[in-house]
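Understanding the architecture of this molecule
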Amino acid sequence: MLGLTQQQLAEKAGVSRPLIANLETGRLPELGTKKLLRILRSLNLDLRITTFNKGRPTLEDILAEEGREQE
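First things first, this report covers the structure right here in the doc. (Residues numbered from 1 in each chain as written. Predicted model: local features only at pLDDT ≥ 70, side-chain atom pairs only at ≥ 80, totals over all residues. Heavy atoms only, no water.)

Concerning the packing of helix α1 (residues 6–13) against helix α3 (residues 33–42)
Here α1 crosses α3 at 115°, and the two axes come no closer than 8 Å. As α1 packs across α3, the resulting crossing turns out to be right-handed. Residues Leu 9, Lys 12 and Ala 13 of α1 touch α3, and the partners they reach there are Arg 38, Ile 39 and Ser 42. A per-class count over the contact of α1 with α3 returns 3 nonpolar, 1 polar and 2 charged. (Axes fitted to C-alpha atoms, helices over the stretch in contact; angles between N-to-C directions. Helix = DSSP H or I, 4+ residues; strand = E, 2+ residues; numbered from the N terminus. Left-handed = near helix turned anticlockwise from the far one by under 90°. Contact = heavy atoms within 4.5 Å. Nonpolar A, V, L, I, M, F, W, Y, C, P; charged D, E, K, R; others polar.)

Encoded structure:
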């Protein structure tokens, strides 16, 4: 996406490089909201809270369906 190394992202977000590495590999048991928001902001992303999906398709569902139609 932005081509940042773990170290660059960590510095930009004000977190440690091992935290970024553990987040990437799924070995981070918990991540606080402030750290999450700093990491997202560093990646030019945001977090949106919405009501529960209630069976509506997700973007991933739609893309998967489009992929099946093209086959």
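Some points on the nonpolar core
Nonpolar side chains in soluble globular proteins generally cluster together in the buried interior. The biggest cluster of nonpolar side chains holds 7 residues, and these are Leu 9, Ala 10, Ala 13, Val 15, Leu 19, Ile 20 and Ile 39. Residue assignment for this core shows that the elements contributing at least two residues are α1 and α2 (17–25). Top contributing element to this core by residue count: α1, with 3 residues. Apart from the residues within four sequence positions on either side, Ala 13 is in contact with Arg 38, Ile 39 and Ser 42. (Core = buried A, V, L, I, M, F, W, Y, C linked by side-chain atoms within 4.5 Å. Buried < 20%, exposed > 50% of the residue type's maximum accessible area, 1.4 Å probe, protein only.)

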